[in-house]
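# Fold and contact review
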Amino acid sequence: MTSSTSFSSRRAALALAALALTACAGAKAAAAAAPAGAAGAPEGRRGLATRIALLPLVNLSGQTVSLKELQEGLEAELLTRGLAVAGGGAVDEMLARHRLRYTGGVDAVMARAAREELGADALLVAAVTLYGREGSHGFGMSMRLVSSQDAPAILWMDEAARTVDDTPGLFDLGIASGIPELMREATVRLTGSLVAALSGSGPAFSTCPASGRHAPRVRYRGAPSTPAAHPAVAVLPFVNQTGRLDAGDIVGLEFIRELARHREIRVYEPGVVRSELLRNRVVMEGGVSHETARIALGAFEADVIVAGYVRTHEESPVPRLEFTVLALDTRTNKVVWTSTSYNRGDEGVFFFGAGRVSTSTELACLMVRPVVDGMIAAWRARSSP
């Protein structure tokens, strides 16, 4: 099985990253630094990130989005904050040389190419998760930083989403003028979060407040027979049973971020999972199965596989989300957790809209957190002497 990962050196790794960023701030277009995992860097989610390869943005919003302007704005903001960035034509040429068309994740081939050909220590994956023009306009984006090691690891992950009238404030001064302003706000906030995490002044993985009213409606929990000290978790693509394109990918990203923020959990980069599924010709149309778990055991060496179904994913007139998730122990092929969650954005809201959830992204975060907290609590209880 997967060997235990050392998480005690994370703070030291981020401190090194801060020093490296300071050193390279005045030379954004300089030649590449040495790769993070080359000489004694600790294996784990965080590592040295001095030069970042910005991958082409992915559209998971279900709407037509012009990504070029957003891509250029994101690259400019990263450079403004002192990060050395490989982007634009250099990244496109690397992807073309290796016939890499999927940029929603990082596998070993892409990581190696970025490290050796672009001198990148990490790759930045960004996806538009919300782009609404009907009703209350909204915009959302998810971003994560992935190491360029031969075994790519998630170093940082955050998201931002809001509608134009989320926070009207006094005299409606907080109302945004439109989607371009929301795009700018999301870019600034997320790049700021990335720099804060690298400098050690911010968390590597964001979350949302714990909310009892968003807990699963139905749940069953077991526990692995002999849980690993630092279980490795592979989140498989969620089956999308809604009319919204890419709803399964969006909910899957929420689970990846929530699981990754727990230090004792090692979460596989989605690009690695996707690559191994394709290599082993595993089709997920019908959902996860014991056979899938058996294949994943050999492909990922994962202790636990998380997958599920998204049955409702609506944005307007009020966000609604329903999903079922299950976790399988790959050693026993037994279900150790299953739950179903369903909520609306206006649930429990009575006076002046206080507590209303305006986007499906925020609703997903509030719903996924108690599910993951429940999983972790079960595993910890089983691991306790």
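Quick caveat: nothing in here was measured; it's all calculated off a predicted structure. (Residues numbered from 1 in each chain as written. Predicted model: local features only at pLDDT ≥ 70, side-chain atom pairs only at ≥ 80, totals over all residues. Heavy atoms only, no water.)

## Re the confidence of the model for the protein
As a reminder of what qualifies: The quantity called pLDDT is the predictor's confidence in a given residue, expressed from 0 to 100. By definition, any uninterrupted DSSP run of H or I lasting at least four residues is a helix, any uninterrupted run of E lasting at least two residues is a strand, and each is numbered from the N terminus. Whether two residues touch is decided by their heavy atoms; if any such pair falls within 4.5 Å, the residues are in contact.
Within the protein, residue pLDDT values average 80, and 75% of them lie at 70 or more. Per-element confidence in the protein is highest for helix α4 (residues 108-118), whose mean pLDDT is 97, and lowest for helix α1 (residues 10-24), whose mean pLDDT is 40. Taken together, the stretch residues 167-174 has pLDDT below 50 and engages in eight contacts with residues farther than four places along the chain or on a different chain.

## Thoughts on the pairing of strand β12 (residues 320-329)
Our working rule: When a residue's accessible area, from a 1.4 Å probe over protein chains only, is under 20% of the maximum for its type it is buried; when over 50% it is exposed; and in between it is partly exposed. A pair of strands is labelled paired if DSSP reports no fewer than 2 bridges between them.
Where burial is concerned, most of β12 is hidden: eight out of the 10 residues are buried. Here 10 bridges tie strand β11 (residues 304-314) to β12, and the two strands are oriented antiparallel to one another. From the neighbouring strand, His313 faces β12, where its bridge partner is Leu321. Two successive antiparallel strands, β11 and β12, enclose a turn made up of five residues. As judged from the 10 bridges shared by β12 and strand β13 (residues 334-344), these two strands associate in the antiparallel manner. Paired with Arg320 across the strands is Arg344, a residue of β13. Hairpin geometry of β12 and β13 is characterised by an intervening segment of four residues between the two adjacent antiparallel strands and by a positive phi of about 60° at Asn333.

## Things to note about the pattern of salt bridges
Keep this limit in mind: Whenever Lys or Arg places a side-chain nitrogen within 4 Å of a carboxyl oxygen from Asp or Glu, that contact is recorded as a salt bridge.
Going through the model one piece at a time under the given rule, you end up with 20 salt bridges. We note a salt bridge from Arg261 to Asp373, for which the minimum N-O separation is 3.3 Å. Residue Arg261 is located in the loop between α6 (247-260) and β10 (266-267), and its partner Asp373 is located in helix α9 (residues 360-383); the two are separated by 112 residues in the primary sequence. The partly exposed category is assigned to Arg261, whose relative accessible area is 24%.

## Details of the packing of helix α3 (residues 89-97) against α4
Selection rule: Lines fitted to C-alpha atoms define the axes here, with helix axes fitted over just the stretch in contact, and angles between the N-to-C directions of these axes take values from 0 to 180 degrees. An angle below 35 degrees is treated as roughly parallel, one above 145 as roughly antiparallel, one from 65 to 115 as roughly perpendicular, and anything else as oblique. Handedness of a helix crossing follows the sense of rotation of the near helix relative to the far helix, less than a right angle counterclockwise being left-handed and clockwise being right-handed. Note on residue classes: Ala, Val, Leu, Ile, Met, Phe, Trp, Tyr, Cys and Pro are nonpolar, Asp, Glu, Lys and Arg are charged, and everything else, Gly too, is polar.
At a minimum axis separation of 11 Å, α3 and α4 run at an interaxial angle of 130°. Classed by the angle they form, the pair α3 and α4 counts as oblique. For α3 against α4, the interelement crossing comes out right-handed. In this structure, α3 uses Ala90, Val91, Met94, Leu95 and Arg97 to contact α4, whose residues at the interface are Met110, Ala113, Ala114, Glu117 and Leu118. Per-class residue counts for the contact of α3 with α4 are eight nonpolar, no polar and two charged.

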